[in-house]
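Close look at the chain arrangement
The lines below spell out each chain.
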Amino acid sequence: MSTFYFIAFLSIFFSVLVISAKNPVHSVLYLILTFFTFTIHYILLNAQFLAVVNFIVYMGAIMVLFLFVMMLLNLNKETEPGKHYLAKLAGAIAGGCLLAVLVGSLKAYKQSAPVILHDPNLGLVKNLGKVLFGQFLLPFEISSVLLLSAMVGAVLLAKKEPRPTA
Amino acid sequence: MGNNITQTIQTIPLNHYILLSAIIFSIGVVGVLIRRNAIVVFMSVELMLNAVNLLLTAFSVYKGDASGQVFVFFVMALAAAEVAVGLAIIVMIYRNTHSTDINVLSRLKW
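In short, a report on the structure. What you see is a predicted model, and the numbers here were worked out from it, not measured in a lab. Once a new chain begins, its residue numbering starts again from 1 and follows that chain's sequence as written. Starting at A for chains and at 1 for ligands, labels are handed out in the order in which the entities are written. Selection of residues for local features in this predicted model requires a pLDDT of at least 70, selection of side-chain atom pairs for listing and counting requires 80 or more, and totals for whole chains, interfaces and linings are taken over all residues. By convention in this description, side-chain values take in all heavy atoms of the structure and omit both hydrogens and water.

1. What to know about the overall build of chain B
The secondary structure content of chain B amounts to 4 helices and 0 strands. Counting from the amino terminus, chain B carries its helices and strands in the arrangement α-α-α-α. Think of it in three bands: with a 1.4 Å probe and only protein chains considered, a residue is buried below 20% of the maximum accessible area for its type, exposed above 50%, and partly exposed in between. Classification of the 110 residues of chain B by burial places 58% in the buried group. Only the protein chains shown count as covering a residue, and every accessible area follows the Shrake-Rupley method with a 1.4 Å probe. Summing over all exposed atoms, chain B offers an accessible surface of approximately 4400 Å²; the carbon and sulfur share of this is 68%. Only runs of H or I of at least four residues qualify as helices and only runs of E of at least two qualify as strands under DSSP, and these elements are numbered from the N terminus.

The following block contains the structure:
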């Protein structure tokens, strides 16, 4: 039980560091730590497949992509000029208002039943695969088209445009 | 093993999961609002997506329905596509303007 609260504290702590770190490379490293705490949350919920996918896809692939772009653009220094103080304050207040609204609506919803895992096999690959390839077969196939189009789009965008000869 | 984990999570109220996700989602929103570096803004969006993923998983376990975890899988596929295209756009912007400051892009509003 206390494991959850400790990991939840770490999640919040590292995500605050993500948005407050001056150096973008530090931000990426803190984000990797945040995703690691999310992986632990998934393990605590016995969602083993999601834990592995989160570990490999998010921490492995996506974060490496971020770091790669950052190194490619040579952004590993504090080039950010910093927003105006008032703009930062307004952003923080807006986010705080959103949090207040969410917590307020959570208070209105008084019921707080504990999360109980009825079926220990719920998050295993075998069970999820049956659902994914049965009930959700069409969305699965469409998501493959989405990934293909994203790949084509990324290549098209990153390709060097020929200089207009004018 | 399965029983152990069941014992571990049995005592955590669902509200605490909702609260944790709400806090992390709000941190992501604040990050989008106060940062000017386009890549950090992207990372804040990732933070928001992950908060939602955690909540979907918690509700999936709470209801004993595997559909929620399948949705998380789809959200992850979507996030991968979004990051690939978004980072390509950022690279292209950097090539044209030599910065990733989002204020440079305010000329788009004309």
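2. Some thoughts on a nonpolar patch on the surface
Residues and elements named next belong to chain A. On the surface, Phe36, Val52, Phe55 and Ile56 cluster together into a nonpolar patch covering about 370 Å² of accessible area. Ranked by the residues each element gives to the nonpolar patch, the list is headed by helix 3 (residues 48-72), at 3 residues. Mapped onto the fold, Phe55 is located in helix 3. Surface patches are drawn from residues lacking salt bridges whose relative accessible area is over 30%; two like charges belong together within 9 Å, two nonpolar side chains (Val, Leu, Ile, Met, Phe, Trp, Tyr) within 5 Å. A pair is scored as a salt bridge if a Lys or Arg side-chain nitrogen falls within 4 Å of a carboxyl oxygen belonging to Asp or Glu.

3. Points about the interface of chain A and chain B
We call two residues in contact when some of their heavy atoms are within 4.5 Å. On the side of chain B, 76 residues touch chain A, which itself brings 83 residues to the contact. Counting of polar contacts relies on pairs of N or O atoms within 3.5 Å, with two restrictions inside protein: one atom must be capable of donating a hydrogen and the other of accepting it, and residues adjacent in sequence are counted only when both atoms are side-chain atoms. The interface formed by chain A and chain B contains 5 residue pairs in polar contact (both at pLDDT 80 or more). Of all elements in the fold, only helix 1 (2-20), helix 2 (24-44), helix 3, helix 4 (85-108), helix 5 (125-134) and helix 6 (137-158) of chain A reach the threshold of two or more residues within the side of chain A that touches chain B. Of the residues that constitute the side of chain A that touches chain B, the class distribution is 58 nonpolar, 17 polar and 8 charged. In this classification, the charged set is Asp, Glu, Lys and Arg, the nonpolar set is Ala, Val, Leu, Ile, Met, Phe, Trp, Tyr, Cys and Pro, and all remaining amino acids, among them Gly, are polar.

4. Things to note about the packing of aromatic side chains
Here the aromatic set is Phe, Tyr and Trp, taking the six-membered ring for Trp, and pairing holds for ring centres within 6.5 Å; pairs whose planes are under 30 degrees apart are stacked, those over 60 apart are edge-to-face, and all others are tilted. One pass over the structure, following the stated rule, counts 14 aromatic pairs over all chains. For the pair Phe36 of chain A and Phe55 of chain A, a centre-to-centre distance of 6.2 Å together with 65° between the ring planes defines the contact as edge-to-face. In this pair, Phe36 of chain A sits in helix 2 while Phe55 of chain A sits in helix 3, placing the two residues 19 residues apart along the sequence. Its relative accessible area of 41% is what places Phe55 of chain A among the partly exposed residues. Seen in terms of ring centroids, Phe140 of chain A and Phe73 of chain B are 6.4 Å apart; in terms of plane orientation they differ by 15°. Their pairing is stacked.

5. Side note on helix 1 of chain A
In an α-helix, one turn spans 3.6 residues; hence positions three or four apart end up facing the same way. To estimate how far a helix should reach, multiply one less than its number of residues by 1.5 Å. The terminal C-alpha atoms of helix 1 of chain A lie 27 Å apart, and with 19 residues this matches the ideal 27 Å at 1.5 Å per residue to within 8%. Residues of helix 1 of chain A that are buried: Phe4, Ile7, Ala8, Leu10, Ser11, Phe14, Ser15, Val18 and Ile19 of chain A. Seen end-on, helix 1 of chain A carries its buried residues on one side only, within an arc spanning 160°. Set apart from the buried face of helix 1 of chain A by more than 90 degrees, the exposed residues are Ser2 and Phe9 of chain A. Here the buried face of helix 1 of chain A lies against helix 2 of chain A together with helix 2 (14-34) and helix 3 (38-63) of chain B. By construction, the arc corresponds to the directions joining the helix axis to the C-beta atoms.

6. Examining the packing of helix 2 of chain A against helix 3 of chain A
Residues and elements named next belong to chain A. For helices, the fitted axis covers only the stretch in contact; all axes are lines through C-alpha atoms, and the angles between them, taken along N-to-C directions, range from 0 to 180 degrees. Packing of helix 2 against helix 3 brings their axes to within 9 Å, and their N-to-C directions diverge by 175°. Considering the angle they form, helix 2 stands roughly antiparallel to helix 3. In this structure, helix 2 uses Pro24, Val25, Val28, Leu31, Ile32, Phe35, Phe36, Phe38, Thr39, Tyr42 and Ile43 to contact helix 3, whose residues at the interface are Leu50, Ala51, Asn54, Phe55, Tyr58, Met59, Met63, Phe66, Leu67, Met70 and Met71. Angles are sorted into four bins: roughly parallel if under 35 degrees, roughly antiparallel if over 145, roughly perpendicular if 65 to 115, and oblique for all others.

7. Some details on the nonpolar core
Buried Ala, Val, Leu, Ile, Met, Phe, Trp, Tyr and Cys residues that are joined via side-chain atoms within 4.5 Å together make up what is termed a nonpolar core. Among the nonpolar cores identified, the biggest contains 64 residues, and Phe66 of chain A together with Ile39 of chain B are the most heavily contacted of them. Every element with two or more residues in this core is listed here: helix 1, helix 2, helix 3 and helix 5 of chain A together with helix 2, helix 3 and helix 4 (67-97) of chain B. The element contributing the most residues to this core is helix 3 of chain B, with 12 residues. For Phe66 of chain A, the contacting residues outside a window of four places in its chain are Val28 of chain A together with Ile39, Phe42, Met43, Glu46, Val83 and Leu87 of chain B.

8. As for the environment of Val91 of chain B
Checked against the element boundaries, Val91 of chain B lands in helix 4. Here the alpha-carbon distance between Val91 of chain B and Val72 of chain B, two residues 19 residues apart in the chain, equals 28 Å. Ignoring sequence-local partners within four residues, the contact set of Val91 of chain B consists of Val69 and Leu73 of chain A.

9. Observations concerning the side chain of Asn46 of chain A
Looking at the secondary structure, you find Asn46 of chain A in the loop between helix 2 and helix 3. Side-chain polar atoms of Asn46 of chain A contact the side chain of Gln48 of chain A, separated by 3.0 Å.

10. Description of helix 4 of chain A
For helix 4 of chain A, built from 24 residues, the straight-helix expectation of 34 Å at 1.5 Å per residue is met to within 8% by its first-to-last C-alpha distance of 35 Å. All of the buried residues along helix 4 of chain A are Gly91, Gly95 and Leu106 of chain A. For helix 4 of chain A, the secondary structure elements touched by its buried residues are helix 2 of chain B.

11. Considering the side chain of Asp101 of chain B
Within the secondary structure, Asp101 of chain B sits in the segment after helix 4. Reaching out from Asp101 of chain B, the side chain makes a polar contact with the side chain of Arg36 of chain B at a distance of 2.6 Å.

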